[in-house]
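# Understanding the architecture of this molecule
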2 protein chains.
Amino acid sequence: MSLDAVLARIDQDLDDSLARLFEFLSIPSISTDPAHNADCDRAAGWLAAELSGIGFDAAVRPTPGRPMVVGHGGEGADILFYGHYDVQPVDPLELWNSPPFEPRIEDTETGKVIRARGASDDKGQLMTFVEACRAWVAVTGSLPAKITLFSEGEEESGSPSLIPFLKENAEELTRDIAFICDTGLYADRVPAIATQLRGMMGDEITVTGPKVDLHSGSYGGMAMNPIRVLTRILGGLHDDAGRVQVPGFYDDVEEPSADLLADWNGLDFSTEEFLGAVGLSVPAGEAGRSALERLWSRPTAEINGIWGGYTGAGFKTVLPSKAHAKISFRLVAAQDPDRIRDSFRDWVRAQLPEDCTVDFHAHGGAPASRFDTGHPAFAATRKALSDEWGMEAAYTGMGGSIPVAGYFKSILGMDSVLTGFGRDSDAIHSPNEKYDLESFHKGIRSWARILAAL
Amino acid sequence: MSLDAVLARIDQDLDDSLARLFEFLSIPSISTDPAHNADCDRAAGWLAAELSGIGFDAAVRPTPGRPMVVGHGGEGADILFYGHYDVQPVDPLELWNSPPFEPRIEDTETGKVIRARGASDDKGQLMTFVEACRAWVAVTGSLPAKITLFSEGEEESGSPSLIPFLKENAEELTRDIAFICDTGLYADRVPAIATQLRGMMGDEITVTGPKVDLHSGSYGGMAMNPIRVLTRILGGLHDDAGRVQVPGFYDDVEEPSADLLADWNGLDFSTEEFLGAVGLSVPAGEAGRSALERLWSRPTAEINGIWGGYTGAGFKTVLPSKAHAKISFRLVAAQDPDRIRDSFRDWVRAQLPEDCTVDFHAHGGAPASRFDTGHPAFAATRKALSDEWGMEAAYTGMGGSIPVAGYFKSILGMDSVLTGFGRDSDAIHSPNEKYDLESFHKGIRSWARILAAL
């Protein structure tokens, strides 16, 4: 049977698969920083060449931003696969124990890991699929399905080119079902298919008080300090019970069905382990909700960045002209990103002192997603994962946003099977990101099984 | 009469005086940034050499931090003069219209100005005294008083070496009266002697939540965000009426005497002009207080800097491990910096969620100062200033801190006459700092007259 041969080939070829992944990881394709535009081009070119090498008709496709990579090949079940080749910024760089773009294998207490920015999010995950295809081609001479591989390079920077590209290439990209590999194992052990995802809306605020920076001795007590205004407003973003105070924020939030809630309650979630791993013990967020509700079905507001005044070494008694913050909202159910953005901005403006002004800068928005698990690809994937990992795969929710899944649905009418092999300990947006070697290896094997089952 | 000859000499020598000041201004002696330690040494050496050149017995005196400069010379009235040779940082550098350490004369709508970091605070002011001494020596062959000139290089970074140096050299530095030139004209026109100054206490907070930066999708709703904690606490630093909410903050605050308040109310202060010049119109600070009370006799709390999370271009959905702020309090009357620091820290700790920790880093503290205007140097200075500027000099308060004045009193038992020639428009802690050429010229002439009157 060819699946067994393919799995054997994957095991045999693991060192070469890693060598290829390391080439990919050594390209600093940070999409949020224009200084790395050429690196993003390089990563796209590298990926297209790899795909061509295993029989895809692949090309780098220009956009007004970072390019897309699209490859077509094979016959059979008509699927699209999505992963992204761009990565998060690496600051604070001084907290990395090894250079983020010099990938290495490290022995740790929990096994061997691949250490690099993008190891887990998302180059390592993307390559699990590519290497599974490679093994199929090596063993059988052809791809096991009619595959469209689609990779973008702006996932970490709001995907500004994605919607126009999907619209312009709708026919080419609309397949029977999509697979997205950008998620993780449930509780770091159970293979999982995420069937609902929170959406996201990002906004940036700049509050301006005096038109120039002032000396706090000469002006303190008379001139309004924009940091005071900003902390006053953002300090009131949540009430004591953790509820977001923007008017109407909860209007379109729905409770999960009793069945789904029962499924989630049956999952073996440990708040103590989950928070303990990051040095915390008390759940934040809304009082009176279970942990999985807080993470999967309740919306949130987070301040992702704040800055203003003097932030260097020593002290400067400045009363600054401007103060800034980046804020994101995780959205659920029918919450509309544009409506929430408007409500948030109105709420900020209403609290602004007469003398101050505020400017806003939008940073993307995508609604939450829920998928129809009736499509046979869900059951096929569930069985393949269960076989590979030796335990029943779970249908889960997800706290993070995979906006592309929403656009596949809204623009192309295509449901997505979201599965992946990351772990919470991967530190995907933090220093010292890693991907377990087991995740990479069993990830490749999982895709071989899924492709066989389709 | 030799005063007239000295004044004539000052007028004649102005271009050379400017050339010397420009040499001094071109040394980037930023004391708060260790990268500029060698520049501070260079500035101290330059000043000592200038003093030696006009007959002072001057030397650079080492400390554990930046060095002091002390010079002695002359016979007669026994005075100390103080100015500082260090300057503020220059960020944000991109807002400067010319390089901060390439001094130049610019024509502006309000006359010629000297443009450079330190032009007004405090190299330009310090040099008004040095140039007055030079003119006296040139005309009469000797200094007009028994002068101890004392300059430090840590005024902009909390003066960590000042107290030990004053204690170790108390006998050498304790003179009959001190003159400090680090202040400005009242309302940009009236020559002024500041007889009371607010004190200052600076503190830095770091709030830690999770032990690493997290992804706000994966952890938002469960993990506490330290920026949320910090904004919540600092957003409550003032109530709606602008009163500082730290318990006991106002315990040692006193009302100014009815006489002094009447003097202040008689000054021609325009809130519209003062705030209008910086693009504001509504007084911040405590409701129900006059502008000069808010600036001179009421304490304040200001957030001078805040930072945490992702602050670069684009967006990063991080839930950070740490959030930071620099906060300063302007103190009045008998408010004790150490007691206020303790109260502030207790107040912060009391609001901290169970899961978060807070670290504090002290950035200096000095109580408010008030001087005994009965000493004859006050009347002599007032008359000299009135003669030079053609209008009656005023006794004023000051919103900023000149901690050295407090230490001269508490450690050396010496009162200080604070006078100077800066203007509010000098932008002393901001980009594009300037000192009016008129301030420099008439400042030198003012000191010549004060020295003659002693």
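This one's a predicted model, so the numbers in the text were calculated from it and none came from an experiment.

### Considering the packing of helix α1 (residues 2–12) of chain B against helix α4 (residues 123–140) of chain B
Residues and elements named next belong to chain B. One can describe the packing of α1 onto α4 by two numbers: an axis separation of 9 Å at closest approach and a directional angle of 120°. The angle between α1 and α4 falls in the class oblique. Crossing of α1 over α4 shows right-handed handedness. Along the contact surface, α1 presents Ser2, Ala5, Val6, Arg9 and Ile10, while α4 presents Glu131, Ala135, Trp136, Ala138, Val139 and Thr140. Partitioning the contact of α1 with α4 into residue classes produces seven nonpolar, two polar and two charged.

### So, the domain arrangement of chain A
Residue and element names in this part refer to chain A. Annotation of chain A at the domain level lists domain 1 (2–197 + 368–453) and domain 2 (199–253 + 299–366). Look at where the C-alpha atoms of domain 1 and domain 2 centre, and you get two points 35 Å apart. The interface is formed by seven residues belonging to domain 1 together with 10 residues belonging to domain 2.

### Some thoughts on unusual backbone geometry
Backbone torsion omega between Asp91(A) and Pro92(A) reads -5°, so that peptide bond is classified as cis. Of note, Pro92(A) is situated in the loop between β3 (78–84) and β4 (104–108). One non-glycine residue, Asn432(A), adopts positive backbone phi at about 65°. In this structure, Ala427(B) takes a positive phi of about 55° despite not being glycine.

### With respect to the environment of Gly288(B)
Residues and elements named next belong to chain B. In this structure, glycine 288 sits in the loop between α10 (271–276) and α11 (291–297). The exposure class of glycine 288 is exposed, given the 8 C-beta atoms found within 10 Å. Separated by 46 residues in sequence, glycine 288 and glycine 242 have C-alpha atoms that sit 10.0 Å apart.

### A look at helix α14 (residues 403–412) of chain B
By the burial criterion, the buried members of α14(B) are Pro403(B), Val404(B), Ala405(B), Gly406(B), Tyr407(B) and Phe408(B). Immediately downstream of α14(B), the backbone of Gly413(B) shows phi near 70°, a positive value.

### So, the interface of chain A and chain B
The interface of chain A with chain B comprises 82 residues on the first partner and 81 residues on the second. In terms of residue count, the dominant contributor to the side of chain A that touches chain B is strand β11 (residues 300–309) of chain A (nine residues). By residue class, the composition of the side of chain A that touches chain B is 30 nonpolar, 37 polar and 15 charged. Sheet topology note: the β11(A)/strand β11 (residues 300–309) of chain B ladder contains five bridges and is antiparallel. For Trp307(A), the partnering residue across the bridge sits in β11(B) and is Trp307(B).

### Regarding helix α2 (residues 14–25) of chain B
Residue and element names in this part refer to chain B. The terminal C-alpha atoms of α2 lie 16 Å apart, and with 12 residues this matches the ideal 16 Å at 1.5 Å per residue to within 8%. Residues of α2 that are buried include every one of Ser17, Leu18, Leu21, Phe24 and Leu25, and no others. The arc that holds every buried residue of α2, seen down its axis, measures 115°, which confines them to one face. Opposite its buried face, α2 presents the exposed residues Asp15, Asp16 and Ala19, each directed more than 90 degrees away.

### Here we look at the sheet that holds β11(B)
With respect to topology, eight strands assemble into an open sheet ordered β14(A)-β9(A)-β13(A)-β11(A)-β11(B)-β13(B)-β9(B)-β14(B), the strand pairing being antiparallel. Each having just a single partner strand, β14 (357–366) of chain A together with β14 (357–366) of chain B make up the two edges of the open sheet. Along the sheet, successive strands turn relative to each other by an average axial angle of 20°, direction set aside. Here strand β9 (residues 199–208) of chain B runs beside strand β13 (residues 322–331) of chain B; their pairing, made up of 10 bridges, is antiparallel. Each residue of the ladder has a partner; that of Gly199(B), found in β13(B), is Leu331(B). Those strands touched by helix α12 (residues 337–350) of chain B are β9, β13 and β14 of chain B, and its axis lies near 160° from that of β14(B).

### Structural notes on the relation of the copies chain A and chain B
Each copy of the sequence occupies a distinct position, and chain A is placed on chain B by a rotation of 180° and an axial shift of 0.1 Å, giving an RMSD of 0.1 Å. Given the turn and translation reported, the copies of this chain are related as if by a two-fold rotation axis. Of the residues that chain A buries at the interface, 99% are likewise interface residues in chain B, meaning the two copies contact each other through the same surface.

Conventions and cut-offs
- Residues numbered from 1 in each chain as written.
- Chains lettered and ligands numbered in written order.
- Predicted model: local features only at pLDDT ≥ 70, side-chain atom pairs only at ≥ 80, totals over all residues.
- Axes fitted to C-alpha atoms, helices over the stretch in contact; angles between N-to-C directions.
- Helix = DSSP H or I, 4+ residues; strand = E, 2+ residues; numbered from the N terminus.
- Parallel < 35°, antiparallel > 145°, perpendicular 65-115°, else oblique.
- Left-handed = near helix turned anticlockwise from the far one by under 90°.
- Contact = placed C-beta atoms within 7 Å.
- Nonpolar A, V, L, I, M, F, W, Y, C, P; charged D, E, K, R; others polar.
- Domains from an automatic or database assignment.
- Buried ≥ 20, exposed ≤ 12 C-beta atoms within 10 Å, placed from the backbone.
- Pairing = 2+ DSSP bridges.
- Expected span 1.5 Å × (residues − 1).
- Arc of directions from axis to C-beta.
- Least-squares fit on C-alpha atoms with pLDDT ≥ 70 in both.

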